[in-house]
Amino acid sequence: MEYRRLGASGLRVPALSFGTATFGGTGDFFKAWGSTDADGAARLIDICLDHGVSMFDSADGYSNGLAEQILGEAIKGKRDRLLISTKVTFPTGEGPNDYGSSRQHLIHAVEASLKRLGVDHVDLLQLHGQDYNTPVEETLSTLDQLVRQGKIRYIGASNFSGWHLMKSQAVAKRYGYARHVAHQVYYSLLNRDYEWELMPLGRDQGIGATIWSPLGWGKLTGKIRRGHPAQPGTRAHDIAGTGPVYPEERLFAIVDVLDELSQETGKTIPQIALNWLLRRPTVANVIIGARNEEQLVSNIGAVGWALSPDQVARLDAASDAPAAYPVWHQRSFPMLNEQG
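Everything numeric in this text was worked out from a predicted model, so none of it was measured.

Criteria and cut-off values
- Residues numbered from 1 in each chain as written.
- Predicted model: local features only at pLDDT ≥ 70, side-chain atom pairs only at ≥ 80, totals over all residues.
- Heavy atoms only, no water.
- Helix = DSSP H or I, 4+ residues; strand = E, 2+ residues; numbered from the N terminus.
- Buried < 20%, exposed > 50% of the residue type's maximum accessible area, 1.4 Å probe, protein only.
- Contact = heavy atoms within 4.5 Å.
- Lys, Arg positive; Asp, Glu negative; His and termini not counted.
- Charge placed at Lys NZ, Arg CZ, Asp CG, Glu CD.
- Right-handed = clockwise from strand over helix to strand, strands pointing away.
- Pairing = 2+ DSSP bridges.
- Polar contact = N/O pair within 3.5 Å; in protein donor to acceptor, adjacent residues only side chain to side chain.
- Core = buried A, V, L, I, M, F, W, Y, C linked by side-chain atoms within 4.5 Å.
- Axes fitted to C-alpha atoms, helices over the stretch in contact; angles between N-to-C directions.
- Parallel < 35°, antiparallel > 145°, perpendicular 65-115°, else oblique.

Q: Could you give me a rundown of the overall build of the chain, with the residues and numbers involved?
A: Looking only at helices and strands, the chain has 14 helices and 10 strands in total. Projecting the C-alpha coordinates of the chain onto the three principal axes gives extents of approximately 50 × 50 × 35 Å. Evaluated residue by residue, the chain yields a buried proportion of 54% over its 340 residues. Sequence-distant contacts, at least 24 apart, represent 78% of the contacts inside the chain between residues at least 6 apart. With 34 positive and 37 negative side-chain charges, the chain shows a spacing of 4 Å between the two charge centroids.

Structure (C-alpha cells):
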C-alpha cells in the first residue's frame, strides 16, 4: 500500500480507505448501497488490514448511525492498527438543534459518534455539509476545543464550496484554531468539477482530497455501456436519480477508453478508473466500497501500478468537459497553464 500525507498535516494515510456506507442498510437509500452486518464487516476489515487499507470512513448519517455502530463492533481489538474518519452535521433527529455545525450540535454529535464507535477519539472528523447559518468562528472554535480535548485528531470538510472552505481557513489562521487538512469530495472520470476551483484551493491551502464515489455512483464499473443499461439490484439502477447529472454519450465515450486500457494493461475497468484518480493533484486518499470480498479485493488492485502518461492523457481527453465561468476564462492566463 502507498501512504501519503493528508494535506499539510503530518498524518500519513493509505492511498485507499474503506467506506462504510454499505454497513447496515437502513432505509431504501442505504439498502441500495449494501446491508453488511457486523460479522461481514469484520471480515471485510480484516481483508483491508491484510492489504494495508488501514483507514475506515463513516458518518453519523449512514443508516441512522448503524454504520458507525457496526464499524465499532468490527474493529474491537484492532483500534491501534487503523485510522477512523467520520462525518457529522446532517440531521440526526427531529429537533431544531439536531443538525448543522453549531457548538450545540457538534459536541453532541461527536460524543454520540464516539459512543457508537466504542472509541475515545476519531482520527479525522469532517463536516459532512456546509452550514450557512452558524458563524464560522463558532464552528472552528468548537472543533479546536475537541482537538485540544483529544477527542478528534484532525479536521476536514466535505462537499464545501471553495469560498466557504477558504473563509474557514482564514478564520482558523486568524485565531490559531485547527485548520482543515482534508476535503472529502465527489470526483471521478465522469464528473471532474472538483478540478475547477477546489483542486487549486487544495494546492494553495494544503488541503488533501479524500474522494467519495470514485466510480461515479456505480456508473464506471464497465457494466453500463451502449445497449446495456444499469440492471435492477445495482446502485446505478436503484438510486440513479440521486447521483450527479451527466450526458449519457459522455459515459459511453469514457467507458470505450477504459475498455481499451483494460485490454492493454490487463486491469479491470474499476481499477483503471481508480488508478487515474490516484494520479491527480491534491488527491490524498480514495474511498472504496464493496458489498463482498471479491469486490473489495478487486478494488484494492487499483494500487501498486500506474497508468502510463499516454494512457492518462487518453482518459483525460475522453472525460474532458467544458468548464464553468470563470474557470474557462482563467485557463487562458499563461501562469495558470505553467502551474498545470
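Read on, since the account is not over.
Q: Give a detailed account of the pairing of strand β9 (residues 208-212), specifying residues and quantitative values.
A: Residues in a regular strand point their side chains to alternate faces of the sheet. Summarising burial for β9: four of the five residues are buried, a large majority. The parallel pair strand β8 (residues 180-186) and β9 is bridged by helix α7 (residues 198-205), and the resulting crossover is right-handed. When β9 meets strand β10 (residues 283-288), the two strands line up parallel, connected through three bridges. By the bridge assignment, Thr-210 is partnered in β10 with Asn-285.

Q: Which residues make up the side chain of Asn-275, and what values go with them?
A: With respect to the element layout, Asn-275 can be found in helix α10 (residues 269-278). Looking at Asn-275, its side chain comes within polar contact range of the main-chain oxygen of Trp-305, at 2.9 Å. For Asn-275, the residues in contact, after removing those within four places along its chain, are Ala-302, Trp-305, Ala-306 and Leu-307.

Q: Can you explain the nonpolar core? Please cite residues and give values.
A: In this structure, Phe-18, Tyr-187, Leu-258, Leu-296 and Leu-315 are the most contacted members of the largest nonpolar core, which totals 87 residues. If near-sequence neighbours (up to four positions away) are discounted, Leu-315 is found in contact with Leu-189, Val-257, Leu-258, Leu-261, Ile-272, Trp-276 and Leu-307. Ranked by size, the runner-up nonpolar core spans nine residues in total, among them Leu-6, Val-13, Leu-83 and Ala-182.

Q: Can you lay out the packing of helix α9 (residues 248-265) against α10 for me, pointing to particular residues and giving the numbers?
A: Running from N to C, α9 and α10 point in directions that differ by 100 degrees, and their axes come no closer than 9 Å. Classed by the angle they form, the pair α9 and α10 counts as roughly perpendicular. Across the interface between the two elements, Leu-258, Asp-259, Leu-261, Ser-262 and Thr-265 from α9 touch Ile-269, Ile-272 and Ala-273 from α10.

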